[in-house]
Amino acid sequence: MENEALFQKVSEALLDYIIQNQFKAGDRLPKESELAAMFGVGRSTIREAIRELKGRNILNSRKGSGTYVAQDPGITDDPLGLVFIEDKQKLVSDMLDMRMWLEPWIAAKAALYATEEDIRHLHELADIIEAQILAGENHQEKDIEFHVYIAKCSKNLLAPLIVPILQQSIALFIDVTNRALGQETIETHRALLRGIETHDVFAAHSAATLHLGYNKAIIETQQRAVPGSAEQ
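Quick notes on the rules
Residues numbered from 1 in each chain as written. Predicted model: local features only at pLDDT ≥ 70, side-chain atom pairs only at ≥ 80, totals over all residues. Heavy atoms only, no water. Helix = DSSP H or I, 4+ residues; strand = E, 2+ residues; numbered from the N terminus. Buried < 20%, exposed > 50% of the residue type's maximum accessible area, 1.4 Å probe, protein only. Contact = heavy atoms within 4.5 Å. Areas by Shrake-Rupley, 256 points an atom, 1.4 Å probe, with all protein chains shown as cover. Axes fitted to C-alpha atoms, helices over the stretch in contact; angles between N-to-C directions. Parallel < 35°, antiparallel > 145°, perpendicular 65-115°, else oblique. Left-handed = near helix turned anticlockwise from the far one by under 90°. Nonpolar A, V, L, I, M, F, W, Y, C, P; charged D, E, K, R; others polar. Core = buried A, V, L, I, M, F, W, Y, C linked by side-chain atoms within 4.5 Å. Phe/Tyr/Trp six-rings, centres within 6.5 Å; stacked < 30°, edge-to-face > 60°. Lys NZ or Arg CZ within 6 Å of the ring centre and 35° of its normal.

Participant: Give me the overall build of the chain: which residues, what numbers.
Facilitator: Along the backbone of the chain there are ten helices and two strands. The helix and strand sequence of the chain, counted from the amino end, reads α-α-α-β-β-α-α-α-α-α-α-α. Every one of the 232 residues in the chain was classed for burial, and the buried ones make up 40%. Of the contacts formed within the chain by residues at least 6 apart in sequence, a portion of 67% connects residues at least 24 apart. For the chain, the exposed area adds up to about 13,100 Å²; of that, 53% sits on carbon and sulfur atoms.

Participant: Provide a residue-level description of the packing of helix H4 (residues 88-113) against helix H7 (residues 159-166), including the pertinent values.
Facilitator: Orientation of H4 relative to H7, taken along the N-to-C sense of each, is 150 degrees, at an axis distance of 10 Å. When the axis of H4 is compared with that of H7, the two are roughly antiparallel. At the point where H4 passes H7, the crossing takes the left-handed sense. Contact residues: Met-95, Met-98, Arg-99, Leu-102 and Ile-106 in H4; Ala-159, Ile-162, Val-163, Ile-165 and Leu-166 in H7. A per-class count over the contact of H4 with H7 returns nine nonpolar, no polar and one charged.

Participant: A description of the nonpolar core should follow, citing residues and the corresponding values.
Facilitator: By size, the foremost hydrophobic cluster in this structure holds 26 residues, and its most contacted members are Leu-122, Phe-146, Ile-150, Leu-192 and Ile-196. Put simply, the parts of the chain that give this core at least two residues each are H4, helix H5 (116-134), helix H6 (140-153), H7, helix H9 (182-197) and helix H10 (201-225). Not counting residues up to four positions away in its chain, the partners in contact with Phe-146 are Leu-122, Leu-125, Ala-126, Ile-129, His-189 and Leu-192. Core analysis: the next-biggest nonpolar cluster, separate from the first, contains 17 residues, Phe-23, Ala-36, Val-41 and Ile-50 among them.

Participant: Break down the packing of aromatic side chains for me, citing the residues and quoting the values.
Facilitator: For the structure shown, the criterion picks out two aromatic pairs. Ring geometry for Tyr-17 and Phe-23: centres 5.5 Å apart, planes at 50 degrees, overall tilted. For the residue pair Tyr-17 and Phe-23, the accessibility class agrees, reading buried in each case. Between Tyr-17 and Phe-39 the ring centres are 6.3 Å apart and the planes differ by 85 degrees, which places this aromatic pair in the edge-to-face class. Separated by 22 residues along the polypeptide, Tyr-17 in helix H1 (residues 2-20) and Phe-39 in helix H2 (residues 32-39) bring together distant segments of the chain. Against the face of Tyr-68 rests Arg-62, its NZ or CZ located 3.7 Å from the ring centre.

Given below as structure tokens:
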């Protein structure tokens, strides 16, 4: 128990060190020997502390290179345990409900605060997504990046942390609908981008609502068509 308490204390002290020294994603930490001397403990305790922070997705290790601050530190791939929910149709519908409550508001905020650089980057992402859809390619990764970047444009500190979790519905949605809304995605992305670019709060909010509404409508149509999948 004493050893366990020690490495936990060191892991918290190491986290404080990372924050206070303003380490950024991708920054490399000092060597284990240096950290051990810094905190007055053995290297085995440092290794346990690092392992604990890796489990929280704060650090990661690269073989032969060292220990680094993780990308999106603290955010795990599936914090809600969505992989264990069997009814994917209902899950996608419920995730879209959550997105419809939140993302139009985020889009409106983005219309207020997006910079010219932000807008240029959104145009680049929209162009890539459109090209992938027209080529019949999987646009999931860039679609998620597009919506997460809109969250960053809102300048709300929590939005970029929450939206990636809700964006997991995109992966499920693309699979469930077999990419049935390619043209609608292109058109509504463009409308959403126009609202943000012109700083038109109402247009951005409406475009985000329409975009998610298309998604929800097709999911509900499929649910009615599958026996035993009616909403509860």
